[in-house]
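# A look at the structure
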Amino acid sequence: MKFTKPAWVMHKDSSKTDHDTKRLSIFSVHVHPDGSRIATGGLDAKIRIWSTKPILNHASEMSNRPPKSLCTLSMHTGPVLTIRWAHSGRWLASGSDDEIVMIWDLDPSGRGKVFGSNEVNVEGWKPMKRLPGHESDVTDLAWAPEDRYLASVGLDSVVLVWCGYTLERLRKLDQHQGFVKGVCWDPVGEFMATQSDDKSVKIWRTTDWQLEAEIRKPFEDSPGSTFFRRLSWSPDGAHITASNATNNKGFVFIAAVITRGTWTSEISLVGHENTVEVAAYNPHIFLRNPAAPIATSNICSVVALGADDRSISIWQTKSARPLIVAREVFERQIMDLSWSWDGLTLYAASSDGTIAVFHFDPEELEGIAPHSAQEQYLHKFGFVPPPTPEGFSHGTFTHSTNAASASRITPPPSPNRAQSQSQSQSGFGASNGINGAEHINKLVAKKSNKKRVQPVLMSSVPSASTSRSALVSTSALPPSASSLGSRAFQVPEIPRSRQASHSASPVPSPRTYDADIEMGGPMDMDVPIDALDTSMLSANKGKRKASVLDTPEDRPSKPRTLGGDRPRETVAVREITSTSLVSTRPHLFEGANLLPVPPLLTFLSANVEGSDFVFEARNSEGDGATEVTFADGKQTLWLDYLPSPVLALTASTTFCAAAMQDGSVNVYSHTGRRLMATLSFGSPCVMMHGCKLALMILTASGQLSSINVKNVASFFPPTSVAPLLSSSPNCMILSATVRHNGAPMIHCSSGIAYTYDVQLFTWTKLSERWWAEGSDVWQGRQRANKDKDVVASIEGAIGSTSIPAPHKERPTWWNTALTLGHLESKLHAAKALDSALEYKQALLIYARKLADEGFRAKAEELIKELFGPIFWRPGGRDDSWTPLVAGMAKRDLLREVLSVFARSKTLTKLALDWQDTLKKASNDDQL
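Now for a quick tour of the structure. (Residues numbered from 1 in each chain as written. Predicted model: local features only at pLDDT ≥ 70, side-chain atom pairs only at ≥ 80, totals over all residues. Heavy atoms only, no water.)

## Brief notes about the packing of helix α11 (residues 836-853) against helix α12 (residues 856-867)
For any two helices packed against each other, one specifies the crossing angle of their axes together with the interaxial distance. The contact between α11 and α12 brings their axes to 10 Å, and the two run at 145 degrees. At the point where α11 passes α12, the crossing takes the left-handed sense. Counted together, L843, Y846 and L850 of α11 and K858, A859, L862 and L866 of α12 form the full contact between these two elements. For the contact of α11 with α12, the per-class residue count stands at six nonpolar, no polar and one charged. (Axes fitted to C-alpha atoms, helices over the stretch in contact; angles between N-to-C directions. Helix = DSSP H or I, 4+ residues; strand = E, 2+ residues; numbered from the N terminus. Left-handed = near helix turned anticlockwise from the far one by under 90°. Contact = heavy atoms within 4.5 Å. Nonpolar A, V, L, I, M, F, W, Y, C, P; charged D, E, K, R; others polar.)

## Details of the sheet that holds strand β6 (residues 80-85)
Strand order in this open sheet of four strands is β6-β7-β8-β11, and the pairing throughout is antiparallel. Strands at the two margins of the open sheet, each flanked by one partner only, are β6 and β11 (125-131). Shown here is a sheet whose adjacent strand axes are inclined to one another by a mean of 25 degrees, direction ignored. Where β6 and strand β7 (residues 92-96) come together, five bridges link them in antiparallel fashion. In the strand pairing of β7, T82 is matched with G95. (Pairing = 2+ DSSP bridges.)

## Concerning the environment of G353
By the element assignment, G353 lies in the loop between β31 (345-350) and β32 (355-359). Spatially, the C-alpha atom of G353 lies 8.6 Å from that of V9, the residues being 344 residues apart in sequence. Contact partners of G353, with chain neighbours within four places excluded, come to V9, M10, R23, L24, S25 and I26.

## Concerning the pairing of strand β3 (residues 37-42)
It is a general feature of regular strands that their side chains alternate between the two faces of the sheet. Of all six residues in β3, six are buried; the element is thus mostly enclosed. Burial along β3 is two-sided: R37, A39 and G41 and I38, T40 and G42, pointing in opposite directions, are all buried. In this antiparallel pair of consecutive strands, strand β2 (residues 26-31) and β3, the connection spans five residues, and G35 shows a positive phi of 75 degrees. A loop of four residues connects β3 with strand β4 (residues 47-51), the two strands running antiparallel in sequence, and A45 in this loop sits at a positive phi of about 65 degrees. (Buried < 20%, exposed > 50% of the residue type's maximum accessible area, 1.4 Å probe, protein only.)

## Here we look at the pairing of strand β37 (residues 613-618)
Summarising burial for β37: five of the six residues are buried, a large majority. When strand β36 (residues 603-607) meets β37, the two strands line up antiparallel, connected through five bridges. For L604, the partnering residue across the bridge sits in β37 and is A617. Where β36 folds back on β37, the antiparallel hairpin that results is connected by five residues, among which G610 adopts a positive phi of roughly 80 degrees. Two strands pair when backbone bridges link them, and β37 and strand β38 (residues 626-632) are joined in this way by six bridges, in the antiparallel orientation. Looking at the pairing, F613 lines up with D632 of β38.

## With respect to the packing of helix α10 (residues 814-832) against α11
Where α10 meets α11, the closest approach of the two axes is 9 Å, and the angle between their N-to-C directions is 155 degrees. Between α10 and α11, the interaxial angle falls into the category roughly antiparallel. Pair α10 / α11 crosses with left-handed handedness. The segment α10 lies against α11, with T816, T819, L820, L823, E824, K826, L827, A830 and K831 engaging E838, Y839, A842, L843, I845, Y846, K849, L850 and E853. Class assignment for the residues of the contact of α10 with α11 results in ten nonpolar, two polar and six charged. (Parallel < 35°, antiparallel > 145°, perpendicular 65-115°, else oblique.)

## Digging into a negative patch on the surface
There is a patch of like negative charges on the surface, built from D97, E99, E135 and E609. Mapping E99 onto the fold places it in the loop between β7 and β8 (101-106). Under the relative-accessibility criterion, E99 is labelled partly exposed at 31%. (Patch = residues over 30% accessible without salt bridge, like charges linked within 9 Å, V, L, I, M, F, W, Y side chains within 5 Å. Areas by Shrake-Rupley, 256 points an atom, 1.4 Å probe, with all protein chains shown as cover. Salt bridge = Lys/Arg side-chain N within 4 Å of Asp/Glu carboxyl O. Lys, Arg positive; Asp, Glu negative; His and termini not counted. Charge placed at Lys NZ, Arg CZ, Asp CG, Glu CD.)

## Description of the sheet that holds strand β21 (residues 239-247)
The strand order across the open sheet built from four strands is β20-β21-β22-β23, with neighbouring strands paired in antiparallel fashion. Edge positions in the sheet fall to β20 (232-233) and β23 (265-270), since each has one partner strand and no second. Bridge count for β20 against β21 is two bridges, and the pairing is antiparallel. Note that in β21 the partner of S232 across the bridge is T241.

## Regarding unusual backbone geometry
The peptide bond linking R65 to P66 adopts the cis configuration, its omega dihedral lying at -5 degrees. Note on placement: P66 falls in the loop between α2 (58-63) and β5 (69-73). Of note in the backbone geometry, E328 takes a positive phi value of approximately 50 degrees without being a glycine. Counting through the fold element by element, E328 comes out in the loop between β29 (324-326) and β30 (334-339).

## Details of the pattern of salt bridges
Tallied over the entire structure, the rule returns 30 salt bridges. Across the pair E773 and R810 runs a salt bridge, and its minimum N-O distance is 2.8 Å. One end of the pair, E773, is in the loop between β51 (762-768) and α9 (790-801); the other, R810, is in the loop between α9 and α10, with 37 residues separating them in the sequence. A salt bridge links K849 to D776; the nearest nitrogen and oxygen atoms lie 3.7 Å apart. Remark: D776 occurs in the loop between β51 and α9 and K849 occurs in helix α11; sequence separation between them is 73 residues.

## What to know about the nonpolar core
Soluble globular proteins tend to pack their nonpolar side chains together in the buried interior. The biggest cluster of nonpolar side chains holds 48 residues, and the ones touching the most others in it are Y839 and F901. For this core, the secondary-structure elements that each account for two or more residues are α9, α10, α11, α12, α13 (890-902) and α14 (908-926). Among the elements that make up this core, the one with the highest residue count is α11 (nine residues). Y839 has contacts with L827, A830, K831, V885, A886, M888 and L893, leaving out every residue within four places of it along the chain. One finds L595, F716, V721 and Y754 within the second-largest nonpolar core, a separate group that totals 23 residues. (Core = buried A, V, L, I, M, F, W, Y, C linked by side-chain atoms within 4.5 Å.)

## Some thoughts on the environment of D342
Looking at the secondary structure, you find D342 in the loop between β30 and β31. Each C-alpha atom of the pair D342 and P283 lies 7.8 Å from the other, and the pair is 59 residues apart in sequence. If we skip the residues at most four places from it in the chain, D342 touches H284 and I368. Within the structure, D342 has its side chain in polar contact with the side chain of S340 (distance 2.5 Å). (Polar contact = N/O pair within 3.5 Å; in protein donor to acceptor, adjacent residues only side chain to side chain.)

## A closer look at the packing of aromatic side chains
For the coordinates displayed, the defined rule picks out 23 aromatic pairs. Each residue in the set F613, F615, F630, W638 and Y668 is aromatic and connected to the rest through ring pairs, giving one cluster. Above the plane of the ring of W8 lies K68, whose end atom (NZ or CZ) is 5.7 Å from the centre. One cation-aromatic arrangement involves R230 over F228; the distance from NZ or CZ to the ring centre is 3.6 Å. (Phe/Tyr/Trp six-rings, centres within 6.5 Å; stacked < 30°, edge-to-face > 60°. Lys NZ or Arg CZ within 6 Å of the ring centre and 35° of its normal.)

Okay, structure coming up:
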């Protein structure tokens, strides 16, 4: 084994001089599938791409051929926490502190000096698509097998799944109750695993994105202080190795090995003296007996662990002891690990700003099997992945070292595919020179007879497409380029998204990019990428034939939809005052209208959260028709015509709704189907809001309805908001929204927010301005996430409209009484709105306040409420107590409450007694 730490791989502090260079933390490292380069992400908000040959070959390092630093990417505005090459090798995904996932692609014109520095980019990579959606730091990324999906996780406790072809968001999984810090895919493609600070590993099915299993046992006592919880799936699909697990009540730090199918962790990798931060499996399967056939009993895996004790261990699953333990490799904790595709090199990154490289001889890793053996073995699972989207293909990447067998990145198929299949596809030159010599590569721009598109700014980067163009034969190139023979390469093509015609990248003019001219150095600087290689290069000695141009008729046609052939139109927003449209008919409720009807406008719109979809309505000022449209970007997807002008719109992630002037409401799916019969309320809609599957409608007569669109049922019978308005003179409703569980949230001008309690059949207060008079935990005027911190956002809205009260003399217990009352009210509000995270936070603050004050009676009552009956069993006689609150187990919450009480001076004895009782009850449940 060869160990090295290249000092020149670093992320610098730009504020320091060259003589006073300060290393910044490196959070992520990943090796390209062909092993030619690695990418690192660091605290300087940059991605740096390095050549691996100078790392592994001392002569190459001394000669600087190829150059050590290949490219610096600086589009992120926060530290880059994770970077991952696609399996095809053509795209690079990055996630950052700035809440954005970025997809990068090769840019032939991107060479030259890096703006604002003395660095030089030998090769260029451009941001191809920007994937917004996270609301906090993006901590980990993972590409699914064959790049079918890309998963991103973050500190917003959310898992986002993106299509690996169109790069559109497919799913948002928000069942985790803590920061999500790790994600990996099953090599079979059947499951995805995520690990979170809520001390669980969740397994998701890729067929319906539902939860398959949740593993908690080895993580119950794991510390929440680690930067990441990066986990890895073995190449045979049999095991997941998860980081940050513990044994012996948290005193022994381990990596937990979870078994597929049973989803239990009976195997532990023990030995590290601090928390394990990252696990990474070698991509190859290993045979216990290389002479024996491939079978489950003859297969094992190799996994590497990086821990906060600054050491790295490498394990083979057939042995109880690690193969290698490298202690104190770094000065600080290990952040990331990455194996090369050949399974012989391990790269490690640390927060001390350095990387370490372990290079093995094949004899040292006994029993290593080729990737074809893995593919053969995985067929036994019988899982059939979903078909690829029409018109897209990544191709298959065999990672072969033989250029003749290297795979190609295929453009979208077309009817004349057979003609163009024999032509060479876009790619780099041959990867391996004779006797290890470096090939010189030249960038050659493609020529296209298609219409040119003007260059676009970064704001239009979200496209994942370029115009498909023909290759240029060497006879059309300048002499300097055609003399290079097989050393020329071409711009890789990008699969078209469904908006390709609106966001195509500009086609560069035919020219070559000469390293001697632009770089001022030798020409053998470029590092080829096998993933973009073609066997035609060596066969034709650089003489490329122009591929057949695709005609518009050859392109895949877009599915036909109602109104889909119409471009999206913009309409000026004006109030309609025409008496022919504004209803003058006195209806039954006119005399009893509690709420003013909103004005009739020419144009209304509602955006679907987390996407580019928009639901729009257009009311004609004359005798024209009223229409609603559903659009994506500039293209209309579908439309519908309505018999009455539209007063209000709403759109959620699952449906959209239009409320009309005649008191009726239409509910549509995102494809334009009516999900239920037209609803008729007999009174115009004043406010309407949708959240996931819940739809809330408030009419001018004061009737409020909350409907479950999926079940086509009401959450509770329609109720009146009249009691809320009569609480104070001139009281108005400022806003009305709904939670995913159907609970309405009504914010009144009186400084009170209400919801409707289904079990009590009455309105209850969520929060009110009164608590600001003396509560120590009032969060007025504080910005909050409306989805995650709903109670805090309500208090923020109330606080923004409140007027500071003059100072008054208060009784002795004033602050304590209001603080406890406020916390108890907050617990009820979080429970009603199904806000689990806020319920837990308020509960622990409440417990701390009781402990500080020493209120034993209140504390004991809280413990009994969370513990429930001593002999409670599911399905027993006592159904008055439920084991869950806001989706969390009450006894799990009790453990944390007792931990708070145990640290106090007055409630220690009470806490210890109940901890013993809770432990006995848990043991009884397991029997």
